[in-house]
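An overview of the molecular structure
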Amino acid sequence: SNTPQTLAVVEFANELKTPLLTLAPITIPQGKNEWVFVIPQSVALMVDGVVDHMKSHGVKSAAYIGFSDAWGDAVWREFKRAADAAAIRVTSEERYARADTSVTAQVLRTLTKQPDAVMVGGSGTPGALPHIALTQQGYKGLQYDNHGGVNQDFIRVGAKGVAGTIAPTGPLVVNTQLPASHPLKAIGADFTRRYEAKYGAGSANPFAGYASDAYLLIETAAPAAMKKAKPGTPEFRAALREALEHVSGVRGTEATYTMTPNDHNGARDDARVMVHVVDGAWMLVKE
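Remember, predicted model here, so these are calculated numbers, not experimental data.

As a further point, take the packing of helix 2 (residues 43–56) against helix 3 (residues 70–85). Relative orientation of the contacting elements helix 2 and helix 3 amounts to 45°, with a least axis distance of 9 Å. Considering their axes alone, helix 2 and helix 3 lie oblique with respect to each other. The way helix 2 lies across helix 3 gives a crossing that is right-handed. Seen from helix 2, the contacting residues are Val43, Ala44, Val47, Asp48, Val51 and Met54; seen from helix 3, they are Trp71, Ala74, Val75, Glu78, Phe79, Arg81, Ala82 and Ala83.

Okay, structure coming up:
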């Protein structure tokens, strides 16, 4: 589920002509996506939610602090695009390595620009570092993260340092808080019940949901492929890819998936909600 490693595996999938359903929200270079299907919500879809929230809350300027790797590049690229389109001035861009233990220098440089908000392009527990440092330095503006940081370990590591952090995520994280009308509420509730019965209370998480949804898409596409070719053959792998490209309206834990030959990322707007950290938990943003 890590972006750099997944991008490396993409090369093998294309070379061996084998469908790959990735659990990392990668952006695939044009011409290299023929055999790759992305289960998580696209970075663009999620970052658009962040910038929409910024705009609706009067943010005029924002800074960026992200990983110095492919994931940090992907979030930065989409954040700059969306911010420019929304006429939000990007004041600075800072980077840090996943293994770094401090980002104080990056935060201090960021604060000299006095941004209304700060967007973090990290993931997992290392993604909490900028928020901790911003809080320690007394930053009073809005703090945003991306969907790669939405998990309980982020809150455990960040503690009070991540309080108030706003981020986009899939509906599974806040399934119990969704309105009854949400199209994925019942599916997410059933998955959470079964997953936590096996792995413990609070263990359900977005990456578990992505894995379940990947299996669901294969289960949906495989029967059509099996009518055309024998499993284990190059012909079957090609038929499976074709079947995946025509999956339509399949509801999973994180999205309603519709793929096409030109779009191998099937998640749409119902796959995104905005959440924030309140009293040590991710809570649905109501406004």
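Oppositely charged side chains may form a pair once their charged atoms are brought near each other. Per the stated rule, a full pass over the model turns up 14 salt bridges. The partner of Arg95 in a salt bridge is Asp73, with the nearest N and O atoms 2.7 Å apart. Separated by 22 residues along the polypeptide, Arg95 in strand 4 (residues 89–96) and Asp73 in helix 3 bring together distant segments of the chain. Note on Arg95: relative accessible area 22%, which makes it partly exposed. One salt bridge connects Arg268 with Asp263, and the closest N-O pair in it is separated by 2.9 Å. According to the relative accessible area criterion, Asp263 is partly exposed, its value standing at 25%. Residues joined by salt bridges that share partners form a network here, namely Asp48, Glu78 and Arg81.

Further remarks concern the layout of surface pockets. Once rolled over the atoms, a probe with the size of a water molecule shows which space is left empty. Of the pockets and cavities examined, the largest pocket occupies roughly 440 Å³. Lining the largest pocket are 20 residues, and of these Gln152, Val173, Gly202, Ala204 and Asn205 sit closest to its centre. Elements with a contribution of two residues or more to the lining of the largest pocket: helix 6 (152–158), helix 7 (185–199) and strand 11 (281–284). In terms of residue count, the dominant contributor to the lining of the largest pocket is helix 7 (three residues). Looking at side-chain class alone, the lining of the largest pocket contains nine nonpolar, nine polar and two charged residues.

What counts and how
Residues numbered from 1 in each chain as written. Predicted model: local features only at pLDDT ≥ 70, side-chain atom pairs only at ≥ 80, totals over all residues. Heavy atoms only, no water. Axes fitted to C-alpha atoms, helices over the stretch in contact; angles between N-to-C directions. Helix = DSSP H or I, 4+ residues; strand = E, 2+ residues; numbered from the N terminus. Parallel < 35°, antiparallel > 145°, perpendicular 65-115°, else oblique. Left-handed = near helix turned anticlockwise from the far one by under 90°. Contact = heavy atoms within 4.5 Å. Salt bridge = Lys/Arg side-chain N within 4 Å of Asp/Glu carboxyl O. Buried < 20%, exposed > 50% of the residue type's maximum accessible area, 1.4 Å probe, protein only. 1 Å grid on protein atoms, 1.4 Å probe; cavity = no way out; pocket = protein on both sides within 12 Å on 5 of 7 lines; lining within 4 Å. Points joined across faces, edges and corners; volume = space filled by probe spheres on them. Nonpolar A, V, L, I, M, F, W, Y, C, P; charged D, E, K, R; others polar.

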